[in-house]
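Next come the chains, spelled out residue by residue.
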Amino acid sequence: MNALVLGGNGFIGSHLVDRLIAEGHNVRVYDKYEEYFRRPLPGVDYQFGEFGNRGLLADALQEMEIVFHLISTSNPSTSNVDPAFDVQSNVVDSLFLLEKCVEIGTRKIVYVSSGGTVYGSPSILPVLETHPTEPMCSYGISKLTTEKYLALYRLLKRLDYVVIRPSNAYGPRQNPTSIQGAIPVFLSRIARNETIEVWGDGSVIRDYVYVNDLVDGIYRATVQTAPSRIYNFGCGVGLSLHDIVASVRRVVDRDISVLFSEKRVFDVPSIYLDVSRAWNELGWKPMTPIDDGIRQTWQFILSQKEQPDSRYPAEK
Ligand SMILES: NC(=O)c1ccc[n+]([C@@H]2O[C@H](COP(=O)([O-])OP(=O)(O)OC[C@H]3O[C@@H](n4cnc5c(N)ncnc54)[C@H](O)[C@@H]3O)[C@@H](O)[C@H]2O)c1
């Protein structure tokens, strides 16, 4: 199939591109930046532009059968600073995408939403896809609104779609300098012999999914005929930040100093996903134990550290 990956040069997108190539598909990437950690891959058609650039986006969509939408212009914390920008650049610009997909005859849109924010503070754990949705940040509201428009476009214009609700993804090539993603942030600080900062008292519980497992879920939800339109992808187990720090200690085998700072208001105390729908309907389950996933991420971060003057790690 001809597959367009919007945001294909980011963390999850780059792993999805690898999987699509391995499965023999023709891949085009649309992103505003190059991949940070790797050189462009042979055989991939890279097109560059802003998500909001309608002309360039329309060009990138030509002849594409499947569109993976992984672009988000905000994250849970930054989205509340300017909710109007959040809605314009995510929801409104996604509506243009849907219109164009209908016009071009795209077979399916695969939308990467957010399992960590659309539900809000859960009333029942683990969280099923049918749990009420009460997002507590603009990012979650925009993700959920885009999901609703996908459902509307399917109803009115027969545009097929599937929504992916990942928990906290982690793994190699996640930006360790970003404010998102506790695991790479912790590991990169440790690699620089710096103190780890934990927001709150460490009791916050989250669900962590290794990126290759998530990509396997995205791929199955794309190519399989399934009865549902929304799937949670997580490890299905809640781990506290204390658990993550303990796992990190086992893997890195170094002294680690931890600083606890003030908790963030939009952090719900506990959330982890029920992933039984993905298992029952797609035959998917998470395969990577947390220590193994953290080890892979640590090895990647160390490999970067060995190349201080190079943007790219050594060619294999
Ligand atoms: N990483 C996670 O734990 C996680 C969890 C749940 C949902 N998600 C969602 O998955 C998607 C991918 O996340 P990620 O972690 O790979 O993020 P990322 O930041 O690594 O990748 C996003 C990519 O989108 C591109 N991009 C951003 N804004 C753009 C714009 N205006 N125009 C063109 N390109 C733009 C970036 O250059 C980047 O390459 C996002 O939609 C995110 O909200 C991520």
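What is the right way to look at the overall build of the protein in this model?
Summing up its helical and strand segments, the protein has 9 helices and 13 strands in all. Scaling as 2.2 N^0.38, a compact globule of 316 residues should have a C-alpha radius of gyration of about 20 Å, and the protein matches this with 19 Å. For the C-alpha atoms alone, the extent of the protein along its principal axes is close to 55 × 50 × 40 Å. Per-residue burial for the protein yields a buried fraction of 51% across its 316 residues. Residue pairs in contact within the protein that sit at least 24 positions apart in sequence constitute 78% of those at least 6 positions apart. Accessible surface computed for the protein: about 14500 Å², of which carbon and sulfur atoms make up 52%. The distance from the centre of the 32 positive side-chain charges to the centre of the 37 negative ones in the protein is 2 Å.

How should I be thinking about the sheet that holds strand E11 (residues 230–233) in this particular structure?
Within a sheet, neighbouring strands are paired by backbone hydrogen bonds and run either parallel or antiparallel to one another. Judged by pairing direction, the sheet is parallel, and its 7 strands sit side by side in the order E3-E2-E1-E4-E5-E6-E11 without closing on themselves. Of all strands in the sheet, those with a lone pairing partner are strand E3 (45–48) and E11, marking the two edges. Mean inter-strand twist for the sheet, computed between neighbouring axes without regard to direction, equals 20°. Relative to strand E2 (residues 26–31), strand E1 (residues 2–6) runs parallel, the two being bridged by 5 bridges. Bridge assignment links Val 5 to a residue of E2, and that residue is Val 29. Relative to E2, helix H2 (residues 54–61) is tilted by about 170°, and along the sheet it contacts E1, E2, E3 and strand E4 (66–69). Lying over the sheet, helix H3 (residues 83–104) contacts E1, E4 and strand E5 (108–112), oriented at roughly 175° with respect to E4.

I'm lost on unusual backbone geometry in this one. Help?
Backbone phi values are negative for most residues with the exception of glycine, while trans is the configuration of most peptide bonds. Residue Leu 125 is joined to Pro 126 through a cis peptide bond whose omega torsion reads -5°. Tracing the chain through its elements places Pro 126 in the loop between E5 and helix H4 (138–157). Of note, the phi angle at Glu 63 is positive, near 70°, even though the residue is not glycine. Classification of Glu 63 by relative accessible area gives exposed; the value is 61%. Its identity as a non-glycine residue notwithstanding, Asp 253 has a phi of 55°, on the positive side. Mapped onto the secondary structure, Asp 253 falls in the loop between helix H7 (241–252) and strand E13 (258–261). Classification of Asp 253 by relative accessible area gives exposed; the value is 69%.

Help me out: how do you make sense of the environment of Ala 58 in this one?
Among the structural elements, Ala 58 can be located in helix H2. C-alpha of Ala 58 to C-alpha of Cys 101: the two residues are 43 residues apart in sequence and 8.9 Å apart in space.

Can you help me understand the site of the ligand in this one?
As a matter of local geometry, the ligand sits amid 23 residues, with Asp 31, Glu 50, Phe 51, Tyr 139 and Lys 143 nearest to it. Here a nitrogen atom of the ligand sits 2.8 Å away from a polar atom, N or O, in the side chain of Glu 50. In this structure, an oxygen atom belonging to the ligand sits 3.1 Å away from a main-chain N or O atom of Leu 70. Taken by itself the ligand offers 820 Å² of open surface, and the protein chains cover 84% of this. Contributions of two or more residues to the shell around the ligand are made by helix H1 (11–22), H4 and strand E7 (168–170). For the shell around the ligand, the residue count by class is 10 nonpolar, 9 polar and 4 charged.

Looking at this model, I keep getting lost on H4. Mind explaining?
In an α-helix, one turn spans 3.6 residues, which is why side chains three or four residues apart end up on the same side. Its 20 residues place the ends of H4 27 Å apart at the C-alpha level, agreeing with the 28 Å of an ideal helix rising 1.5 Å per residue. In this fold, the buried residues of H4 make contact with H3, E5, strand E6 (160–166) and E11. Phi for Arg 158, located one or two positions after H4, is positive at around 60°.

Looking at this structure, I do not really get the environment of Thr 106. What am I missing?
The residue Thr 106 is located in the loop between H3 and E5 in this model. In this structure, the C-alpha to C-alpha distance between Thr 106 and Val 92, residues 14 residues apart in sequence, is 19 Å. If sequence neighbours within four positions are ignored, Thr 106 has contacts with Met 64, Glu 65, Ile 66, Val 67, Cys 101 and Leu 159.

Any chance you could explain the pattern of salt bridges here in plain terms?
A side chain with one charge may pair with a side chain of the opposite charge, provided their charged atoms come close. With the rule as written, the count across this model stands at 21 salt bridges. In this structure, Lys 100 and Glu 103 form a salt bridge, with 2.9 Å as the shortest nitrogen-oxygen distance. Of this pair, Lys 100 and Glu 103 both sit in helix H3, 3 residues apart, roughly one helical turn. Overall, Lys 100 belongs to the buried group, its relative accessible area being 16%. On the basis of relative accessible area, Glu 103 is assigned to the exposed category, the value being 60%.

What counts, and at which threshold
Residues numbered from 1 in each chain as written. Predicted model: local features only at pLDDT ≥ 70, side-chain atom pairs only at ≥ 80, totals over all residues. Heavy atoms only, no water. Helix = DSSP H or I, 4+ residues; strand = E, 2+ residues; numbered from the N terminus. Rg over C-alpha atoms; globule rule 2.2 N^0.38 Å. Buried < 20%, exposed > 50% of the residue type's maximum accessible area, 1.4 Å probe, protein only. Contact = heavy atoms within 4.5 Å. Areas by Shrake-Rupley, 256 points an atom, 1.4 Å probe, with all protein chains shown as cover. Lys, Arg positive; Asp, Glu negative; His and termini not counted. Charge placed at Lys NZ, Arg CZ, Asp CG, Glu CD. Pairing = 2+ DSSP bridges. Axes fitted to C-alpha atoms, helices over the stretch in contact; angles between N-to-C directions. Near = heavy atom within 4 Å. Polar contact = N/O pair within 3.5 Å; in protein donor to acceptor, adjacent residues only side chain to side chain. Nonpolar A, V, L, I, M, F, W, Y, C, P; charged D, E, K, R; others polar. Expected span 1.5 Å × (residues − 1). Salt bridge = Lys/Arg side-chain N within 4 Å of Asp/Glu carboxyl O.

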